[in-house]
Amino acid sequence: MSAQVEQHLEQGTLHLQIAGQWRLGHSPDSQRVLPALRGARVLRIEVAERTQWDSALPAFLTALLHAADRQSLDVQLQLPRRLEALLALARQDAAPPQRRAASALRLPDLRPPLRFVGALLLALQPGARALPQGRELLRILRQTSVQSVPIIILVNFLVGAILAFIGVVQLRTFGAEIYVADLVGIATAREMAALITAVVLSGRIAASFAAEIATMQANEEIDALRTAGVDPIRYLAVPRVLALVLAMPVLFFIACMAALLGGLVVATLMIHLPASGYLTQTREMVSLTQVMIGFGKSLAFAAYLSATGCYYGLRAPRTAAGVGDATTRAVVGSIIGIICIDAVVAVICNALGI
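Bear in mind the structure is a predicted one, so any value in this text is a computation, not a measurement. (Residues numbered from 1 in each chain as written. Predicted model: local features only at pLDDT ≥ 70, side-chain atom pairs only at ≥ 80, totals over all residues. Heavy atoms only, no water.)

## Structural notes on the overall build of the chain
We count it as follows: Numbering of helices and strands starts at the N terminus; helices are DSSP runs of H or I of at least 4 residues and strands are runs of E of at least 2. It is over C-alpha atoms that the radius of gyration is taken, and the globule rule equals 2.2 Å times the number of residues to the power 0.38. Partly exposed describes any residue whose relative accessible area lies between the buried limit of under 20% and the exposed limit of over 50%, with all areas from a 1.4 Å probe on protein chains only and scaled to the type maximum. Under the convention used here, a 1.4 Å probe and the Shrake-Rupley method define accessible areas, while residue burial counts only the protein chains that appear. Within this scheme the basic residues Lys and Arg register as positive and the acidic residues Asp and Glu register as negative, but His and the chain ends are omitted. The atom standing in for a charge is NZ when the residue is Lys, CZ when it is Arg, CG when it is Asp and CD when it is Glu.
Scanning the chain from N- to C-terminus turns up eleven helices and six strands. Taking 20 Å as the expected radius of gyration for a compact globule of 354 residues, we find that the chain reaches 32 Å, considerably beyond that expectation. In the chain, which comprises 354 residues, the proportion classed as buried is 41%. Accessible surface computed for the chain: about 19,900 Å², of which carbon and sulfur atoms make up 61%. Here the chain holds 30 positive side-chain charges and 23 negative ones, and the gap between their average locations is 1 Å.

Below, the structure is given as structure tokens:
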């Protein structure tokens, strides 16, 4: 039986009764029905349960519904369940985005990042499935640790040298150049080593995580993981977060050594301070508490920036521009978050007197 459309107008209501076999190329055109909408206030569409259809019927109904929306008609549908669900999905995708009322201050929507954090914490449970292969985990660990060491050493060496240079210039006024070792040691162990290392890794690691995962999103590889029953957060985000958290303590201590070496070089060249005297003064003034504060910050920074990179990568649009936008957001979000975390920890330590 071919496709059938019976229509009649009754008291302002246009009734459409659809039945038969609806196949592409062998179905009525919606243009035949559209003129009848002009004299109607209500459009009622009934599709028989035994109607056989492919994409021809949803396309026909979608055209009618769009025309009804343009004419502000009330629509009443009596459809099979599968067809109703398909039309609802099509109309949802085609609906224009709703404009929010303009306001002077818009608070960000915190629900997506909170859902991601919750899913990440659940994925860290030992009983969860679908961990990546050991080779992939080692690749990520090498990327976050060994390949980051040269730039970490260079940047922190220069930061230590700058701190020492400024300290020598200022302390020379009071004849207290020896205390430049205290300045460099405390500032490095407590603040600068963890902070500068995290900022460098934001541009290197967080951007890399976001770009890599966003490219997988654009290539529909993440959809393939979900189809195979693999949790993308467990498979992609968890190993990256764990790898950077494991690598960060080593990078923190390397950064401390590099910054102290930079301060030592400047102190030796500018005030001819012996290396033994510099190291002795540093050892006396830098306590274990200072080192542990910086160590704790480094772990918090590592967890935050790795999770940020994965979060923006998983939420990236499926375009080349989306990959670039996700990378930019990951770097900016990581740096801003790191500064905020550092400020909060500084306030807490000051309140506790440490």
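## Side note on the pairing of strand β4 (residues 42-47)
How we decide: Strands pair, by our definition, only if DSSP identifies at least two bridges between them.
Here strand β2 (residues 13-19) runs beside β4; their pairing, made up of six bridges, is parallel. Each residue of the ladder has a partner; that of Ile18, found in β4, is Val47.

## Description of the pairing of β2
Within β2, five of the seven residues are buried, which leaves the element mostly enclosed by the surrounding structure. Judged from the seven bridges that link them, strand β1 (residues 4-10) and β2 form a sheet pairing that is antiparallel. Paired with Val5 across the bridge in β2 is Ile18. Count of turn residues in the β1/β2 antiparallel hairpin: two residues, of which Gln11 carries a positive phi of about 55 degrees.

## Notes on the nonpolar core
The cut-off we apply is this: Buried residues of nine kinds, namely Ala, Val, Leu, Ile, Met, Phe, Trp, Tyr and Cys, make up a nonpolar core once their side-chain atoms join them within 4.5 Å. A contact between two residues is defined here by any heavy atoms of the two lying within 4.5 Å.
Residues Phe116, Leu120, Leu201, Ile233 and Leu305 are the most contacted members of the largest nonpolar core, which totals 44 residues. Elements with a minimum of two residues in this core: α3 (111-123), α5 (149-171), α6 (180-218), α7 (221-227), α8 (232-271) and α10 (288-314). Tallying contributions element by element places α6 first for this core, with 13 residues. Not counting the four nearest positions on each side in its chain, Phe116 is found in contact with Ile233, Ala237, Ala307, Cys310, Tyr311 and Leu314. Membership of the second largest hydrophobic core comes to 23 residues, among which are Leu61, Ala67, Ala68 and Leu83.

## With respect to the layout of surface pockets
Vacant regions in the atomic arrangement are exposed by a probe of water-molecule size rolled over the atoms. We count it as follows: The pocket and cavity definitions rest on a 1 Å grid over protein atoms only: a 1.4 Å probe that fits but cannot leave marks a cavity, an open set with protein on both sides within 12 Å along at least five of seven lines marks a pocket, and residues lining either have an atom within 4 Å of a point. Grid points are joined across faces, edges and corners, and a volume is the space filled by probe spheres set on the points. Think of it as three bins: nonpolar holds Ala, Val, Leu, Ile, Met, Phe, Trp, Tyr, Cys and Pro, charged holds Asp, Glu, Lys and Arg, and polar takes everything else, Gly as well.
In this structure, the largest pocket occupies an estimated 590 Å³ of space. What lines the largest pocket is a set of 25 residues, among which Pro113, Tyr304, Thr308, Tyr311 and Tyr312 lie closest to the centre. Of all the secondary structure elements, the ones that give two or more residues to the lining of the largest pocket are α3, α10 and α11 (320-352). Along the lines of polarity and charge, the residues of the lining of the largest pocket split into 18 nonpolar, three polar and four charged. Approximately 210 Å³ is the volume found for the second largest pocket. As for the second largest pocket, its lining consists of Gly185, Thr188, Ala189, Phe253, Cys256, Met257, Leu260, Thr282, Arg283, Val286 and Val291. Elements that contribute at least two residues to the lining of the second largest pocket include exactly α6, α8 and α9 (275-285). Per-element tally for the lining of the second largest pocket: the top contributor is α8, with four residues. Grouping the constituent residues of the lining of the second largest pocket by class yields seven nonpolar, three polar and one charged.

## Remarks on the packing of α5 against α8
Cut-off, in case you're wondering: Throughout, an axis means a line fitted to C-alpha atoms (over the contacting stretch in the case of helices), and angles, computed between N-to-C directions, take values from 0 to 180 degrees. The scheme is simple: roughly parallel for angles under 35 degrees, roughly antiparallel for over 145, roughly perpendicular for 65 to 115, oblique for anything else. A crossing counts as left-handed when the near helix is turned anticlockwise from the far one by less than a right angle, and as right-handed when that turn is clockwise.
Taken N-terminus to C-terminus, the directions of α5 and α8 make an angle of 40 degrees; their axes are 7 Å apart at the nearest point. Considering their axes alone, α5 and α8 lie oblique with respect to each other. Pair α5 / α8 crosses with right-handed handedness. Of α8, the residues touching α5 (which contributes Val149, Ile152, Ile153, Asn156, Phe157, Gly160, Ala161, Ala164, Phe165 and Val168) are Leu251, Ile254, Ala255, Ala258, Ala259, Leu261, Gly262, Gly263, Val265, Val266, Met270 and Ile271. Partitioning the contact of α5 with α8 into residue classes produces 18 nonpolar, four polar and no charged.

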